[in-house]
Amino acid sequence: SDTSWANTEMPFGNARTTTQTINTNQPVYLPFIARRTDTLDKGYLYVSSAAGSTTPVKIGLYSDSNGLPGTLRGVASVDAASTGTLNGSFAAEPGQDLDTTAGEQYWLAVVRGSANDFTVGASDISYSGSMAWRNSYNASYGVVSQTGSDNALPATASITTGFAYQLLAVGVGY
């Protein structure tokens, strides 16, 4: 599988590595640009420090809707109780597909299924642009998020906030 990482690829990512603790139950979203026209088969998450017990994590593929995440197209699952590059096979949501078009923007979402913290590899947000969506002129968000959808990926994203998180090491496989 050819892997594309949202945190390191242009135009949003960078190669300055760091880590980020996942300590929220809300889904968080990162944009990525498809580098080729193809069908996605896997979701990837790099876990640098595992949770203390079984911690299901869902990786969601979302369409783009005017520069923000839109409709959930597919879900892959991993367990953050182990470290390293974790991957799970994407399953398309009913009525959706996992096809991408080169140069188009999509979104990846990460949400934990339980309240166990874990740490992922990341890219340092201070070397990338912040999210354009903000609730004040001087807010700096590395990821956008959604309240009211704890421990789950909603069928349609509705961004309500953001976090000053680093850019999570989440990716897709073709």
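Residues numbered from 1 in each chain as written. Predicted model: local features only at pLDDT ≥ 70, side-chain atom pairs only at ≥ 80, totals over all residues. Heavy atoms only, no water.

Q: Tell me what's going on with the pairing of strand 7 (residues 68-79), and back it up with residues and numbers.
A: In terms of strand pairing, strand 6 (residues 56-65) meets strand 7 through nine bridges, oriented antiparallel. Bridge assignment links aspartate 64 to a residue of strand 7, and that residue is proline 69. In this antiparallel pair of consecutive strands, strand 6 and strand 7, the connection spans two residues, and asparagine 66 shows a positive phi of 55 degrees. The sheet contact formed by strand 7 and strand 9 (residues 91-92) spans two bridges and is antiparallel. By the bridge assignment for strand 9, valine 75 is matched with alanine 91. (Pairing = 2+ DSSP bridges. Helix = DSSP H or I, 4+ residues; strand = E, 2+ residues; numbered from the N terminus.)

Q: Give a detailed account of the packing of aromatic side chains, specifying residues and quantitative values.
A: As enumerated under the stated definition, the model contains four aromatic pairs in all. A centroid spacing of 6.0 Å and a plane angle of 55 degrees characterise the contact between tryptophan 5 and tyrosine 44, whose relative ring orientation is tilted. Within this pair, whereas tryptophan 5 is found in strand 1 (residues 3-5), its partner tyrosine 44 is found in strand 5 (residues 42-49), the two being separated by 39 residues in sequence. Judged on exposure class, the residue tryptophan 5 and its partner tyrosine 44 are both buried. (Phe/Tyr/Trp six-rings, centres within 6.5 Å; stacked < 30°, edge-to-face > 60°. Buried < 20%, exposed > 50% of the residue type's maximum accessible area, 1.4 Å probe, protein only.)

Q: So, the sheet that holds strand 14 (residues 161-163): which residues are in play, and what are the values?
A: With antiparallel pairing, seven strands are arranged side by side in an open sheet as 9-7-6-11-3-13-14. Looking along the sheet, the strands with just one partner apiece sit at the ends: strand 9 and strand 14. As paired elements, strand 13 (residues 143-145) and strand 14 share three bridges and run antiparallel to each other. Counted as the bridge partner of valine 144 is glycine 162 from strand 14.

Q: Any details on the nonpolar core? Residues and values, ideally.
A: One finds Phe32, Leu45, Phe118, Leu168 and Val170 to be the most contacted residues of the largest nonpolar core, which totals 32 residues. Breaking this core down by element, the ones donating at least two residues are strand 3 (28-33), strand 5, strand 6, strand 7, strand 11 (105-112), strand 12 (118-123), strand 15 (167-168) and strand 16 (170-173). Val75, Ala109, Val144 and Leu153 belong to the second largest nonpolar core, which has eleven residues in total. (Core = buried A, V, L, I, M, F, W, Y, C linked by side-chain atoms within 4.5 Å.)

Q: Describe the pattern of salt bridges, with residues and values.
A: For the coordinates displayed, the defined rule picks out five salt bridges. The closest approach of N and O atoms between aspartate 2 and arginine 35, which form a salt bridge, is 3.6 Å. With aspartate 2 in the segment before strand 1 and arginine 35 in the loop between strand 3 and strand 4 (38-39), the pair connects residues that are 33 residues apart, well separated along the chain. Notably, a salt bridge pairs arginine 73 with aspartate 97, separated by 2.5 Å at the nearest N-O pair. With arginine 73 in strand 7 and aspartate 97 in the loop between strand 9 and strand 10 (99-100), this pair connects stretches of sequence that are 24 residues apart. A relative accessible area of 9% means that arginine 73 is categorised as buried. Through salt bridges that share partners, Asp2, Arg35, Arg36 and Asp38 make up one connected network. (Salt bridge = Lys/Arg side-chain N within 4 Å of Asp/Glu carboxyl O.)

Q: Describe unusual backbone geometry, naming the residues involved and giving the relevant values.
A: In this model, asparagine 66 sits at a positive phi of 55 degrees, which is unusual for a non-glycine residue. Counting through the fold element by element, asparagine 66 comes out in the loop between strand 6 and strand 7.

Worth remembering: the numbers are spatial, not functional.
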